[in-house]
Amino acid sequence: MKIFWSFIKKEFWHVLRDRRSMLILIGLPVMMMLLFGFALSNEVKNSNVAILDYAQDESSRHLANRLESSRYFTVSDYLHSERDRANSFEQGKARLVAIFPARLADDLAHSRNAQVRLIGDASDPNTANIIINYATAIILDYQAELVKRQNLPYTINIETRMLYNPQLQSSFNFVPGVMTLILMLLGAMMTSVSIVREKENGTMEILLVSPMRPLLVVLSKSCALYGIMLCRCIDYSADGTYRIGHAPARQPALAVSRKHVVYHHYIVVGFAHFVLGFVAANSYVHLISRNAHALACFQRLYVSHRKYAQNHADYEQYRTDKMVL
Amino acid sequence: MHNLFILLQKEFRQIFRNPTILRLILMMPIIQLILIPFAADYEIKNISFSVVDLDHSDYARRLVEKMTATGYFRLVEYGTSYAQSLNTIGNSQTDIILTIPAGFERDLVREQQTTIHLAADAVNGVRAGLGTAYAAQIIADFNANIRSEWLTVPQYGQMPRIEVVSSSWYNPYFDYHLFMVPGILAILVTMVGSFMAALNIVAEKEAGTIEQLNVSPLKKHEFILGKLIPFWVLGLISITIGNIVAYTVFGIVPIGSYWTIYIFSAIYLLSVLGIGLLISTFADTQQQATLFSFFFMMVFILMGGLYTPIESMPTWAQWIASFNPPAYFIKVIRAVFIKGSTFTDLLPDFYKMIGFALVFNSLAILNYRKRSA
């Protein structure tokens, strides 16, 4: 046990005294969290809309203004003919084209019925769908204003409530995901690098002839890195709370997410050793194959971030339930 | 020129005698293209919903039937109370709870209006937003049906009505693979280009053979070109394999021309190879090169608009993304594949890519030192 302990200490010193790996362990994740926590989002805002206005009258201008003034849209272009419309999609200048028919205001005033066309660029399916929905809502809102709140008979009103995340901020979804990803990359990388480095330096031989069993050698490496990574998790939560403002703010969730992180870590570190088991001295092959893994990692991100979100949801539910009760 | 030729010969032999690289070039496109589009599928379908029906009336049942009949929604639970259904949301079994209040039918007929409650699990905002929007559409439709049962709506009513007709171009069935596959092709080229080139030079550094190259009469640019051209060829090969996989597995062929794709790939490969070479001039060991590469790859992919649209990033992040070569290539390759954009449509992106290629490669040449420090 004493020998095992000293091995763990040795591993700690390895990491702590290597300035470059400390930089990677501490600097890189913080930077990435900041970058991706703020930058990544699925929310649709400031989407470019091109307007093809055959009407050029009061109503069409009202509608265009409404689109422009919502935070979802920016009117990027006024088109003049049907031909421009395909161009603006193909050059990627607009995601939505709104077409107002000729005599829009007249039709609304007299025949009381007018048709507005919306064409979305569905090469990005979800975004197109959301944009069309928003635009439709804005136009119908204008209609409601024209009607001036006259109640239709037999109306079913819909009351919608977005649980856990009322503003539909996608950082709730992404921040935990990115955390998982970084932990995964670092965990797998640091452990495998630490063993490969011993092989390269030839110090592996020394470890092999030591009284320790190989299993314990590997175990001591995991323990050390495991400890360091756990510290990282704590400062992730701190990152999240202070900078992104989304991390769990109260105890229960903190405990839950911490627990989850620990499990995740355990898997990751284990995985790294598993990979190493197959890696011969040929580190070149190994490094390249790890690159090929990079994208597989991303796929894992989308598997595991669900679980993270799940934890978060549990906590939020706990909170809402408390509020309701 | 002769020198360059000999160096090229050497590089190609080195690559073709290394089975790992060959396997990687061959298998990477196939595996990535087959695996990732299925894994990273954001298509919103099969939204599961639970119903809390406190009314048990004819209308309530008809509404639920209408919801399930559309195919968007999957009824997972017929709950007895909202609190109980909230639990199923907590376990991620349901996405949406539809609560039909007691007296729903009575209120609708007598009071002329009633309220229905929708609660969505908004942890995934997109899913929640789209799910409730679909549900609202279905309910509005149901409402219109009910109304027409009770009254005949005059054709020229008193109220002005704007009818919104929407259509989705290029991908009317919202097929998510059509969106993902070209993007992954772009990432593929990026990986082949930047990392294999970076690791290749660093491997020479580690093996010590770089000294031999340094004392050879090779010029700097000949050396860089000699390293660049083989991987440029490999990159083009892997995108060809990617195209074949996209066609055979997903049936996706570009609406635009293959020429446009290859012209852009050729230029884009030059710029990512430049990045790879630049990394290799900084890194001394393969470890460092891999770490750098990992970092760049994450930034490239996540800031490149592969998963999340660039417009929805904050302004400073968009500014960073505008210096991200893959962002342009992902945009271009998607445009050509899905929308059939022509070369002239994409001319501005073409100039930018040439700019990237020039900048990165000249930096790599400048930064490569024959003299050891």
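Per chain, residues are indexed from 1 in the order of the written sequence. Each chain gets a letter, beginning with A, and each ligand a number, beginning with 1, in the order they are written. With pLDDT at 70 or above as the cut-off, local features in this predicted model cover only qualifying residues; side-chain atom pairs require 80 or more to be listed or tallied, and sums for whole chains, interfaces and linings still use all residues.

**Some remarks on the overall build of chain B**
Only runs of H or I of at least four residues qualify as helices and only runs of E of at least two qualify as strands under DSSP, and these elements are numbered from the N terminus. The helix and strand inventory of chain B stands at 14 helices and five strands. Its C-alpha atoms give chain B a radius of gyration of 28 Å, more than 25% over the compact-globule value 21 Å for 373 residues. Overall, the C-alpha framework of chain B stretches about 95 × 45 × 40 Å when taken along its three principal axes. Counting other C-beta atoms within 10 Å of its own, a residue is labelled buried from 20 upward, exposed at 12 or fewer, and partly exposed in the gap between, with every C-beta atom placed from the backbone. Classification of the 373 residues of chain B by burial places 46% in the buried group. The globule rule used for comparison is 2.2 Å times the number of residues to the exponent 0.38, while the radius of gyration itself is calculated over C-alpha atoms.

**Some details on the domain arrangement of chain B**
Think of interface size as the accessible area that goes away when the parts come together; that is how it is often given. In this document the domain limits rely on a domain assignment from an automatic tool or a database. Partitioning chain B into structural domains gives domain 1 (2-41 + 176-367) and domain 2 (47-150). Once you take the C-alpha centre of each, domain 1 of chain B and domain 2 of chain B turn out to be 48 Å apart.

**Concerning helix H6 (residues 125-150) of chain B**
Compared with the 38 Å implied by 1.5 Å per residue over 26 residues, the 37 Å span of H6(B) between its first and last C-alpha is a close match. Every buried residue of H6(B) is accounted for by B:Gly125, B:Val126, B:Arg127, B:Ala128, B:Gly129, B:Leu130, B:Gly131, B:Thr132, B:Ala133, B:Ala135 and B:Asn143. A helix is expected to span 1.5 Å multiplied by its residue count minus one.

**As for the sheet that holds strand E1 (residues 47-53) of chain B**
The pairing of strands in a sheet comes from backbone hydrogen bonds and takes either a parallel or an antiparallel form. The rule for pairing is simple: two strands pair if DSSP sees at least two bridges between them. Pairing is mixed across the open sheet formed by five strands, whose spatial order is E5(A)-E4(B)-E3(B)-E1(B)-E2(B). Here the strands that pair on one side only, and so sit at the sheet edges, are strand E5 (155-163) of chain A together with strand E2 (73-79) of chain B. With strand direction ignored, the average angle separating the axes of adjacent strands in the sheet is 25 degrees. Of the strand pairs in this sheet, E1(B) and strand E3 (residues 96-100) of chain B are connected by five bridges, and their pairing is parallel. Among the inter-strand pairings, B:Val52 is bridged to a residue of E3(B), identified as B:Thr99. Across the sheet, helix H3 (residues 58-69) of chain B is in contact with E1, E2 and E3 of chain B; its angle to E1(B) comes to roughly 175 degrees. What counts as an axis is a line fitted to C-alpha atoms, over the stretch in contact for a helix, and the angles between N-to-C directions run from 0 to 180 degrees. A pair of residues counts as a contact when their C-beta atoms, built from backbone coordinates, are within 7 Å of each other.

**Details of the environment of A:Val30**
Residues and elements named next belong to chain A. Secondary-structure assignment places Val30 in helix H2 (residues 19-39). Exposure remark for Val30: the 16 C-beta atoms within 10 Å place this residue in the partly exposed category. Sequence spacing of Val30 and Ile182 is 152 residues, and the spatial spacing of their C-alpha atoms is 9.8 Å.

**What to know about the environment of B:Gln84**
Note on placement: B:Gln84 falls in helix H4 (residues 82-90). As a C-alpha pair, B:Gln84 and B:Val52 span 32 residues in sequence and 9.2 Å in three-dimensional space.

**Brief notes about helix H14 (residues 347-367) of chain B**
All names here are of chain B. Between its first and last C-alpha atoms H14 spans 30 Å; for 21 residues at 1.5 Å apiece the expected length is 30 Å, and the two agree. Among all positions of H14, only Asp349, Met353, Phe356, Ala357, Phe360, Asn361 and Ala364 are buried. Buried residues along H14 cover an arc of 110 degrees about the axis, so they all sit on one side. Among the exposed residues of H14, those pointing more than 90 degrees away from its buried face are Leu347, Pro348, Tyr351, Gly355 and Leu366. Residues of H14 that are buried make contact with helix H9 (220-250), helix H10 (258-282) and helix H13 (325-339). For this quantity, the arc is that covered by the directions from the helix axis to the C-beta atoms.

**Some words on unusual backbone geometry**
One non-glycine residue, A:Gln56, adopts positive backbone phi at about 50 degrees. Locating A:Gln56 in the fold gives a position in the loop between strand E1 (47-53) and helix H3 (58-69). Phi is positive for B:Gln112, which is not a glycine, with a value near 70 degrees. Turning to its location among the elements, B:Gln112 is positioned in the loop between helix H5 (104-110) and strand E4 (113-121).

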